[in-house]
Amino acid sequence: MTTPLTPPAAPSPHDSAFLRACRREPVPHTPVWFMRQAGRALPEYRALREGTGMLESCFRPDLVTEITLQPVRRFGVDAAILFSDIVVPLKAVGVDLDIVPGVGPVVAEPFRTAADLDRLPPLEGAPEITAAVQSLVGELGATPLIGFAGAPFTLASYLVEGGPSKDQRRTKALMYGDPQLWAQLMDRLATITLAFLRVQIDAGASAIQLFDSWVGALPAEDYRTYVQPHSARILAGVSDVPRIHFGVGTGELLHDMGAAGADVVGVDFRVALDDAVRRIGPGKAVQGNLDPTVVFAPTEVVRAMTERVLEQGKAAEGHVFNLGHGVLPETDPDVLTRIVAHVHEATAA
Ligand code: CP3
């Protein structure tokens, strides 16, 4: 009897430690990746970006592919995250904005009135992003690619303030002062964000992270009224892959952010993971939460703090090791390499 010839199966991320942890399944080791792992902490990134603007780079599939792969090669992390930015879909629908080095996104004409809604049409595809994701999925093989987008509150904050803001005062003035316009703005942004995530998933991303970086500015009651329904609509539209939801200073919102439809709740460094697990409740994995400034401390301290995160993470049904916010540009990349090795060794089954 002859066995029919079947082509060897392409390497798939499906059984990777990262996706298993997101699904709360047993893992061969605790998976680890770093928010902002691609970027200025890497000399090879600075060399490649030389002379090309940040936003321009995000629309160049060759650069996106190479910059996304750099930290995977160097650190041995368990997942790649697409090199992009939360304002890329806004740029793609025609909003006049730029990313200013050392500042962040700056919007030429801030959003304040109902007439501004016309500047936020739906996103009809993003061919450069599709091309970049497809090329990456081929290169990455069994390593999962995380797609991402900014959540409506954080995007609204940049649009309304015109740039980064410490107190979100114009954003909150609009939200509390004109709830109807606020809901329309959030609805437009949710439609764009959902389409941007779908582009990435349809091109092969195997998980997504929805960043609501600045939503920690709100009390839980107002989060539930003004934000959660819009983030929930996005997360419901991408339920075919694991969904990570993260924000900074969101200790009081962790339960509600999980309830918005996340499979994995990202925790910043202010709340211990075992406490976060109690706040979030059952049925969710957690991601986090080594303080990104700890990398500047002596090696023994980095090791001890890493151990503490792993220990506290044992309380979770699934734990994806990460920092409590993004890699700081001054970080020594070798420290990150050592953290990855430490997490893998300490948790090997
Ligand atoms: O995690 C990764 O490696 C993927 C890349 C990524 C970038 N931005 C690249 C980037 C991701 C996930 C983001 C998301 C992002 N962008 C967020 C949410 C995450 C968070 O930090 O809370 C926010 C709030 C932004 C907006 C933004 N873009 C800021 C605040 C900045 C920094 C401005 C500065 O120069 O200090 C950017 C620019 C940016 N986005 C850089 C990178 C690598 C630096 C640009 C450069 O290299 O010159």
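None of these values were measured; they are calculated from a predicted model.

A.B. asks: If you had to explain the overall build of the chain to someone new, which residues and values would you point to?
C.D. replies: Secondary structure assignment for the chain yields 15 helices and 9 strands. Against the compact-globule benchmark of 20 Å for 349 residues, the chain has a radius of gyration of 20 Å, which places it among compact chains. By its C-alpha atoms, the chain is 65 × 45 × 45 Å across when sized along the principal axes. Residues counted as buried form 55% of the 349 residues belonging to the chain. Long-range contacts, defined as pairs at least 24 residues apart, comprise 73% of the intrachain contacts of the chain with a sequence gap of at least 6. Roughly 14600 Å² of accessible area belongs to the chain as shown, and the carbon and sulfur atoms make up 53% of that amount. In the chain, 30 positive and 41 negative side-chain charges are present, and the distance between their average locations comes to 2 Å.

A.B. asks: Got a sec to walk through the site of the ligand? Specific residues and values, please.
C.D. replies: Close contacts around the ligand come from 27 residues, with Arg-36, Tyr-45, Asp-85, Gly-102 and Ser-213 the closest. In the model, an oxygen atom of the ligand is placed 2.6 Å from a nitrogen or oxygen of the Tyr-45 side chain. Interatomic distance of 2.4 Å between a side-chain N/O atom of Ser-213 and an oxygen atom of the ligand. When isolated, the ligand has an accessible area of 870 Å², and the protein chains bury 91% of it.

A.B. asks: I'd like a description of the pairing of strand E5 (residues 207–211), backed by residues and values.
C.D. replies: For E5, the tally of buried residues reaches 5 of 5 residues, placing the bulk of the element in the interior. As paired strands, E5 and strand E6 (residues 243–246) are joined by 4 bridges and run parallel to one another. Looking across to E6, one finds that Leu-210 is bridged to His-245.

A.B. asks: Now, about the side chain of Asp-212: what can you tell me, with residues and values included?
C.D. replies: Considering the arrangement of structural elements, one finds Asp-212 in the loop between E5 and helix H10 (220–226). For Asp-212, the residues in contact, after removing those within four places along its chain, are Ala-151, Phe-153, Thr-154, Val-227, Ser-231, His-245, Phe-246, Gly-247, Val-248 and Met-257.

A.B. asks: Would you mind going over the sheet that holds E6 in detail, with residue names and values included?
C.D. replies: Strand order in the open sheet made by the 7 strands is E1-E4-E5-E6-E7-E8-E9, with parallel pairing throughout. A strand with exactly one partner marks an edge of an open sheet, and here the two such strands are strand E1 (80–81) and strand E9 (319–323). Across the sheet, helix H9 (residues 179–202) is in contact with strand E4 (145–150) and E5; its angle to E4 comes to roughly 170°.

A.B. asks: Please set out helix H4 (residues 61–75) residue by residue, giving values where relevant.
C.D. replies: With 15 residues, H4 extends 22 Å from end C-alpha to end C-alpha; this agrees with the ideal 21 Å at 1.5 Å per step. Inspection of H4 places Leu-63, Val-64, Thr-65, Ile-67, Thr-68, Leu-69, Gln-70, Pro-71, Val-72 and Phe-75 among the buried residues, and these make up the whole buried set. Close packing links the buried residues of H4 with helix H2 (43–49), helix H3 (54–58), E1, helix H6 (127–140), E4 and helix H15 (333–347). Within two residues after H4, Gly-76 carries a phi angle of roughly 70°, on the positive side.

A.B. asks: Please provide a residue-by-residue account of the pairing of strand E3 (residues 104–107), values included.
C.D. replies: As paired elements, strand E2 (residues 97–100) and E3 share 4 bridges and run antiparallel to each other. When the sheet's bridge partners are listed, Leu-97 is paired in E3 with Val-107. Here E2 folds back onto E3, and the loop between the two strands holds 3 residues, one of which, Gly-102, carries a positive phi near 80°.

A.B. asks: I'd like a rundown of the packing of aromatic side chains, residues and numbers included.
C.D. replies: A full pass over the atoms with the stated rule returns 6 aromatic pairs. Judged by centre distance (6.1 Å) and plane angle (90°), the rings of Phe-34 and Phe-75 are edge-to-face. One end of the pair, Phe-34, is in the loop between helix H1 (17–22) and H2; the other, Phe-75, is in helix H4, and 41 residues separate them in sequence. Between Phe-148 and Phe-211 the ring centres are 5.5 Å apart and the planes differ by 85°, which places this aromatic pair in the edge-to-face class. Of this pair, Phe-148 sits in strand E4 while Phe-211 sits in strand E5, and the two are 63 residues apart along the sequence. We note that Phe-148, like Phe-211, is buried.

A.B. asks: Talk me through the environment of Arg-23; I want residue IDs and the actual numbers.
C.D. replies: By the element assignment, Arg-23 lies in the loop between H1 and H2. A relative accessible area of 26% places Arg-23 in the partly exposed class. Remark: the alpha-carbon pair of Arg-23 and Met-175, spanning 152 residues in sequence, is separated by 35 Å. Apart from residues no more than four positions distant in its own chain, Arg-23 is found in contact with His-14 and Asp-15. In terms of polar contacts, Arg-23 uses its side chain to reach the side chain of Glu-25, at 2.9 Å.

A.B. asks: How would you sum up the environment of Val-302? Please name residues and give values.
C.D. replies: When you line up the elements, Val-302 lands in helix H14 (residues 299–313). Through-space distance from the C-alpha of Val-302 to that of Arg-338 is 9.4 Å; in sequence the pair is 36 residues apart.

A.B. asks: I'd like a rundown of the environment of Gly-247, residues and numbers included.
C.D. replies: Relative to the helices and strands, Gly-247 resides in the loop between E6 and helix H12 (254–259). The sequence separation of Gly-247 and His-29 amounts to 218 residues, and the corresponding C-alpha distance is 25 Å.

Conventions we followed
Residues numbered from 1 in each chain as written. Predicted model: local features only at pLDDT ≥ 70, side-chain atom pairs only at ≥ 80, totals over all residues. Heavy atoms only, no water. Helix = DSSP H or I, 4+ residues; strand = E, 2+ residues; numbered from the N terminus. Rg over C-alpha atoms; globule rule 2.2 N^0.38 Å. Buried < 20%, exposed > 50% of the residue type's maximum accessible area, 1.4 Å probe, protein only. Contact = heavy atoms within 4.5 Å. Areas by Shrake-Rupley, 256 points an atom, 1.4 Å probe, with all protein chains shown as cover. Lys, Arg positive; Asp, Glu negative; His and termini not counted. Charge placed at Lys NZ, Arg CZ, Asp CG, Glu CD. Near = heavy atom within 4 Å. Polar contact = N/O pair within 3.5 Å; in protein donor to acceptor, adjacent residues only side chain to side chain. Pairing = 2+ DSSP bridges. Axes fitted to C-alpha atoms, helices over the stretch in contact; angles between N-to-C directions. Expected span 1.5 Å × (residues − 1). Phe/Tyr/Trp six-rings, centres within 6.5 Å; stacked < 30°, edge-to-face > 60°.

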